[in-house]
Amino acid sequence: MGIKPTRMNYGMALLRMLMCFEVILCHFWTSSASGILVPFSRLKGLAVPVFMFLAFYFTKQTYLTSDDQTRIKRIRRLSYPQVVWAIVYWLFFLILQRSVGIKDLLWQILTGHCRRLNPTMWFQSVLIALSFLFFLVFRLLSDKKGLVLLFAITLFSLWFQYSGFNSRIFSHLRYELKYPLGRLFEMIPYATLGFSVAYYNVFERLNKNRIVYLVLFGIMSALFVLYSRVVPKAPGFGYSNGVNLLTVFFITGFAYLLPFDRVPPKIQAILLFITKYTLGIYCMHRLIGVSLKHALIGSGLEINGFILSILIYLFAFVASFMIAKISPNYLRQIVE
């Protein structure tokens with residue numbers, strides 16, 4: 001997903017870990033939630049918006065640089081896992097004798113949303129497209145003027161969604177195109193919000209009165225998660241609820257303000273390790289999930305979707321760890 005913090009914040013790292021698990025729940029936990037599992041159900045729709053916010057929050061300086069090599073390095077860093085995982089999935093399903101062809105591989109690389117392979121990677125495609133947009137804006141304009149233009153583009157994207165144009169224009173396209181293109185406009189506000197919060201050092205300023213804002217952001221996060229559904233969504237492709245902008249802001253702010261910087265170094269080292277491989281887990285969770293489901297069906301066992309999601313996360317974490325150790329120079333970049 002291309003999210004690698006330039007500065008470590010353990011609260012945000014844990015949030016990234018939680019939202020990676022929520023993505024797995026989106027695809028493998030379809031039963032209704034009750035009791036203590038209700039929060040997990042309510043958070044599923046926020047996973048992708050949080051990731052897009054964090055992607056631009058942590059890479060703000062990359063888009064402001066005048067160094068073309070830094071821009072090229074960023075695009076390469078985002079494109080590499082997109083291509084490698086497309087090939088991995090294509091070979092995996094080819095070996096399973098599923099009817100996949102070169103066209104499926106090309107769609108997967110281009111849009112990240114091939115039905116037969118791994119449609120989850122649309123996020124990476126949209127992230128690459130928005131990165132090009134941000135690079136172009138700040139290449140042509142000063143920081144302040146670029147921000148004004150981004151705010152204007154964001155307002156347009158919100159209007160484009162709530163007017164229904166986003167849904168009407170893209171919903172009739174083929175499967176590989178309609179979701180990435182439709183969600184491109186749905187992700188623009190989260191990218192702009194993450195970038196802007198980093199640009200104006202919003203969370204850092206709130207940190208001066210940490211306890212007060214921690215409580216406030218915690219309360220607001222809970223309220224928005226519980227009651228955001230009362231606000232009507234725009235027609236679209238899953239992420240067209242404008243109120244989620246506020247929800248994402250409060251949740252990420254709450255995570256940032258958590259005082260993990262005060263815990264012992266050994267605890268921080270553990271947190272750093274367990275939150276390390278969200279990219280790899282995100283990219284391979286469908287592959288692991290399909291494999292586990294086939295194994296369970298073959299053994300005649302049935303398992304709850306929530307428990308299955310936990311197993312998928314753990315298997316993907318271990319696999320990511322092993323991949324990173326096998327090839328620190330090349331394969332590590334597809335899991336970290």
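Before reading on, note that the structure itself is shown above.
Parameters at a glance
- Residues numbered from 1 in each chain as written.
- Predicted model: local features only at pLDDT ≥ 70, side-chain atom pairs only at ≥ 80, totals over all residues.
- Heavy atoms only, no water.
- Helix = DSSP H or I, 4+ residues; strand = E, 2+ residues; numbered from the N terminus.
- Buried < 20%, exposed > 50% of the residue type's maximum accessible area, 1.4 Å probe, protein only.
- Contact = heavy atoms within 4.5 Å.
- Areas by Shrake-Rupley, 256 points an atom, 1.4 Å probe, with all protein chains shown as cover.
- Lys, Arg positive; Asp, Glu negative; His and termini not counted.
- Charge placed at Lys NZ, Arg CZ, Asp CG, Glu CD.
- Patch = residues over 30% accessible without salt bridge, like charges linked within 9 Å, V, L, I, M, F, W, Y side chains within 5 Å.
- Salt bridge = Lys/Arg side-chain N within 4 Å of Asp/Glu carboxyl O.
- Disulfide = S-S within 2.5 Å.
- 1 Å grid on protein atoms, 1.4 Å probe; cavity = no way out; pocket = protein on both sides within 12 Å on 5 of 7 lines; lining within 4 Å.
- Points joined across faces, edges and corners; volume = space filled by probe spheres on them.
- Nonpolar A, V, L, I, M, F, W, Y, C, P; charged D, E, K, R; others polar.

Caption draft 1: Representation of the overall build of the protein chain within the structure. Scanning the protein chain from terminus to terminus reveals 16 helices and zero strands. With the principal axes as the frame, the protein chain shows a C-alpha extent of 55 × 45 × 45 Å. Within the protein chain, buried positions represent 51% of all 336 residues. For the protein chain, restricting intrachain contacts to residue pairs at least 6 apart in sequence, the fraction spanning at least 24 positions comes to 76%. Accessible surface, the protein chain: about 16,100 Å² in total, of which carbon and sulfur atoms supply 67%. Separation of charge centres in the protein chain, based on 34 positive and 11 negative side chains, amounts to 1 Å.

Caption draft 2: Structural detail: a nonpolar patch on the surface. Together, Phe273, Val318, Phe321, Met322, Ile326, Tyr330 and Leu331 give the surface a local cluster of nonpolar side chains, amounting to about 680 Å² of exposed area. Sort the elements by how many residues they give to the nonpolar patch and helix α16 (residues 305-326) lands first, with four residues. Secondary-structure assignment places Tyr330 in the segment after α16. Residue Tyr330 is classed as exposed on the basis of its relative accessible area of 57%.

Caption draft 3: Quick peek at the side chain of Glu336. When you line up the elements, Glu336 lands in the segment after α16. Residue Glu336 is classed as buried on the basis of its relative accessible area of 9%.

Caption draft 4: Region of the structure containing the state of the cysteines. If you walk through the whole model with that rule in mind, you get zero disulfides. Cysteine Cys26 is unpaired, with the sulfur of Cys20 as its nearest cysteine sulfur at 11 Å. Residue class for Cys26 comes out partly exposed when judged on its relative accessible area of 32%. Free cysteine: Cys114, not disulfide-bonded; nearest cysteine sulfur from Cys283 at 16 Å. The class for Cys114 is buried, based on a relative accessible area of 1%.

Caption draft 5: Structural detail: empty space enclosed by the protein. The full count for this structure, using the stated rule, is one cavity of 30 Å³ or more. Roughly 30 Å³ of internal volume is contained in the largest cavity. If you go around the largest cavity, the residues you meet are Leu158, Gln161, Glu186, Pro189, Tyr190, Tyr239, Asn241, Gly242 and Leu245. Breaking the lining of the largest cavity down by element, the ones donating at least two residues are α8 (143-162) and α10 (175-199). Tallying contributions element by element places α10 first for the lining of the largest cavity, with three residues. Counted by class, the lining of the largest cavity contains five nonpolar, three polar and one charged residues.

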